Amino acid sequence: MKQDEAMGKKEEEIDRSYREWEEGVVKPRIRKFDLKTSPTRFYTPRRDNGHGFLEKVGFPGQYPFTAGNQPFEYWQAFARDAARLGYRPDWGGSGRVGKYGGFGTPADYRDYLLKMHSMGRKGGPNIAFDLPTQCGYDSDSQYCAGEVGRVGVAIDTLEDFGIIYEAYTGEMDIDRVPSNFTINAPAAVIIAMYAVLAKKRGIPLERLEGTPQNDILKEFIARGTYIFPPGPSMRLFRDTCVFCTRSMPSLNINSIGGYHMREAGASRIQDLAFSLANGIAYVEAGLSGGLLVDEFAPKITFNAFGGSMEFYNEIALQRAARRMWAGIMKERFSAKNKRSMQIRQPITAHIGCISTTLNRPLNNLVRAVIGGMAAGMSGSIPGAFPPFDEPLGLGHSQEAVQLQIDATRIMIYEAKVADVCDPWAGSYFMENLTDETEEQALSELRKIDNMGGAVAAVENGYMAKAIARSAYERQKAIENQEEFIVGVNSFTEENEIEVMVNRVVEDTYDQELLQTAEQRQIRNLKAFKRKRSQRSLARALRDMKAKALDDHANLMPSLCDCVESSATLQEICDVLREVFGEAQPVKL
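Would you explain the overall build of the protein in this entry?
Counting its regular elements, the protein contains 22 helices and five strands. Here the protein has a C-alpha radius of gyration of 25 Å; the compact-globule value for 588 residues is 25 Å, and the two agree. For the protein, the spread of C-alpha atoms along the three principal axes comes to 85 × 55 × 50 Å. Burial statistics for the protein: of 588 residues in total, 54% are counted as buried. Of all intrachain contacts in the protein linking residues separated by at least 6 positions in sequence, the fraction that spans at least 24 positions is 77%. Surface accessibility of the protein: about 26,800 Å² in total, with carbon and sulfur atoms responsible for 52%. For the protein, the distance from the average position of its 71 positive side-chain charges to the average position of its 78 negative side-chain charges is 2 Å.

Printed below as a string of structure tokens:
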């Protein structure tokens, strides 16, 4: 009792002193500079909302995971060996998957991967697909002229898929390295190709590792590479979730992309709330397929939250996200496995590509380091992402990649940013900011719940419209100089210097190959169609259509049969378009 009384008196004293400080120090200075409010904030023990450390922060690796998923991560166990031996680990992802990339034809990308292997970068494929593939069209479609192989590699057939994997044999066979597939609407077809390729190589499916993005909801909300309406799209997710859990248990199910929504203009709170709402919808889809939550939830991953230069806010976002997801999984879905409650993502805080500028691009390295510092202070590797030449065009130069890797190394080995888990734990300021972020995101999440969940909020256009409004407001703030971007809307006078870096290493992607990729891919596709059996193809597509008409059936075995029977990506998707219909864009 005496201790409580003493604590109460101490809090009253802090409150009184705080008011006196505001009146005697802060407000006179505000008046001196003719401001409406102070441009800074100061936090005291009385501004931490009665924070309970064990309940709201805890220890790294323990519920509610605010302080981090683990006391240290996999890469930290090998960091000193990496420095001594000089090898170049993948700073992010699983540590065994290579740099995200893809261009041209499958043979072009295969050769690029072999080149990377010769340079010591021997991670598994982390595949970017071109827009026709992402939208379920073959390279010879009338809708695809000029887009084949441009922003990723073109994949029309199982044969194409197999050509990429000619770079992965022997000690790097597909059961020894993981694969990442950044694709959503036709993700089920790509997963089927992966399964059939393993079958052809005599590799058991349960040994396959990797991550398909398979996050269709954010396509409706932000990116736009959807094919089927939300309902049938979620049916495909359900089928992949069940298939992967039961047949490919080492494969992650999806990678939820809040980062993509931020790139489209979402606010920090929208990024967090919409991502978690989508995660809830995916968990519900898995349960509807007859799975138990702890069977599959540990294989749900998140691509990344975040994407701004606001250092403190991005750290608070990561801490709030971990705590919120843990609470959702434990309280809403009664998960018991702690891995079901953890947000697993390759990177945490980062600046996002949206924060890079075409003006004075070398400044982007400074920006990326700031993002890396935030990541290191919020439970992840302090990665300097993205390379400085991100806004200059497709593919990062080798110089930019070298600077990115070295910046990450300097933060790890010289600045020792990652030597302390959650260094902000218990900070009056950071705990208050984390609570504020969580409260605002929970309010937005409740709004979506009241609509019927993420699928309903996609169908009624709520999330897409909210992001569009947020993007407009931010752009208006930049144009009105309410927000400043160095070298873009401020500090652009004649005496400023444009600092450039010589590019002494050849382009990452061969420009001549890019120019001819479309005609070469179409020629290969025509040859592929001539040599296949039309009878087995027709049977497989007919059987798949019958399964598609039965909402209780799982489509994945039929998709595997179609792929093995030489059906092209578009032929499969066209049958599903006939059954499911096509999604229509939201009118903003």
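Here the narrative resumes, following the displayed structure.
What is the right way to look at the sheet that holds strand E1 (residues 126-128) in this model?
In any sheet, the strands associate via hydrogen bonds between backbone groups, in a parallel or an antiparallel arrangement. Spatial ordering of the open sheet is given by E1-E2-E3, a layout of three strands whose pairing is parallel. Here the strands that pair on one side only, and so sit at the sheet edges, are E1 and strand E3 (210-212). Each adjacent strand pair in this sheet contributes to an overall mean axis angle of 15°, direction not counted. Where strand E2 (residues 179-182) meets E3, three bridges bridge the pair, whose relative direction is parallel.

Sorry if this is basic, but what is going on with empty space enclosed by the protein here?
Any empty space left between atoms is shown by rolling a water-sized probe over those atoms. Evaluated as defined, the whole model comprises five cavities of 30 Å³ or more. A volume near 140 Å³ is recorded for the largest cavity. Tallied by class, the residues present in the lining of the largest cavity amount to seven nonpolar, six polar and two charged. Space inside the second largest cavity adds up to approximately 60 Å³.

Quick question: what am I supposed to make of the packing of aromatic side chains here?
Working definition: an aromatic ring pair is given by the centre-to-centre distance plus the angle between the planes. Enumeration according to the criterion identifies 20 aromatic pairs in this entry. Note on Phe220 and Tyr226: the rings are 5.0 Å apart at their centroids and 10° apart in plane angle, and the pair reads as stacked. With a centroid separation of 6.0 Å and an interplanar angle of 75°, the aromatic rings of Trp424 and Phe429 are classed as edge-to-face. As far as the burial class goes, Trp424 and Phe429 line up, both buried. Put simply, the rings of Phe161, Tyr165, Tyr168, Phe181 and Tyr194 pair up and form one aromatic cluster.

I would appreciate a short explanation of helix H14 (residues 363-376) in the present structure.
Think of an α-helix as turning once every 3.6 residues; residues three or four places apart then point the same way. Along its 14 residues, H14 runs 20 Å from first to last C-alpha, staying within 8% of the 20 Å computed at 1.5 Å per residue. Taken residue by residue, H14 has Asn364, Arg367, Ala368, Gly371, Gly372, Ala374, Ala375 and Gly376 as its buried positions. Those residues of H14 that are buried are in contact with helix H13 (311-332) and helix H15 (398-414).

Just to check I follow, could you spell out the nonpolar core for this structure?
The tendency in soluble globular proteins is for nonpolar side chains to be buried side by side. Of all hydrophobic cores here, the largest spans 117 residues; its most connected members are Tyr165 and Ile572. Other than its neighbours up to four places away in sequence, Tyr165 contacts Pro125, Ile127, Ile174, Ser179, Phe181, Tyr194, Leu197 and Arg201. Core analysis: the next-biggest nonpolar cluster, separate from the first, contains nine residues, Ala374, Ala375, Trp424 and Leu433 among them.

Rules used throughout
Residues numbered from 1 in each chain as written. Predicted model: local features only at pLDDT ≥ 70, side-chain atom pairs only at ≥ 80, totals over all residues. Heavy atoms only, no water. Helix = DSSP H or I, 4+ residues; strand = E, 2+ residues; numbered from the N terminus. Rg over C-alpha atoms; globule rule 2.2 N^0.38 Å. Buried < 20%, exposed > 50% of the residue type's maximum accessible area, 1.4 Å probe, protein only. Contact = heavy atoms within 4.5 Å. Areas by Shrake-Rupley, 256 points an atom, 1.4 Å probe, with all protein chains shown as cover. Lys, Arg positive; Asp, Glu negative; His and termini not counted. Charge placed at Lys NZ, Arg CZ, Asp CG, Glu CD. Pairing = 2+ DSSP bridges. Axes fitted to C-alpha atoms, helices over the stretch in contact; angles between N-to-C directions. 1 Å grid on protein atoms, 1.4 Å probe; cavity = no way out; pocket = protein on both sides within 12 Å on 5 of 7 lines; lining within 4 Å. Points joined across faces, edges and corners; volume = space filled by probe spheres on them. Nonpolar A, V, L, I, M, F, W, Y, C, P; charged D, E, K, R; others polar. Phe/Tyr/Trp six-rings, centres within 6.5 Å; stacked < 30°, edge-to-face > 60°. Expected span 1.5 Å × (residues − 1). Core = buried A, V, L, I, M, F, W, Y, C linked by side-chain atoms within 4.5 Å.

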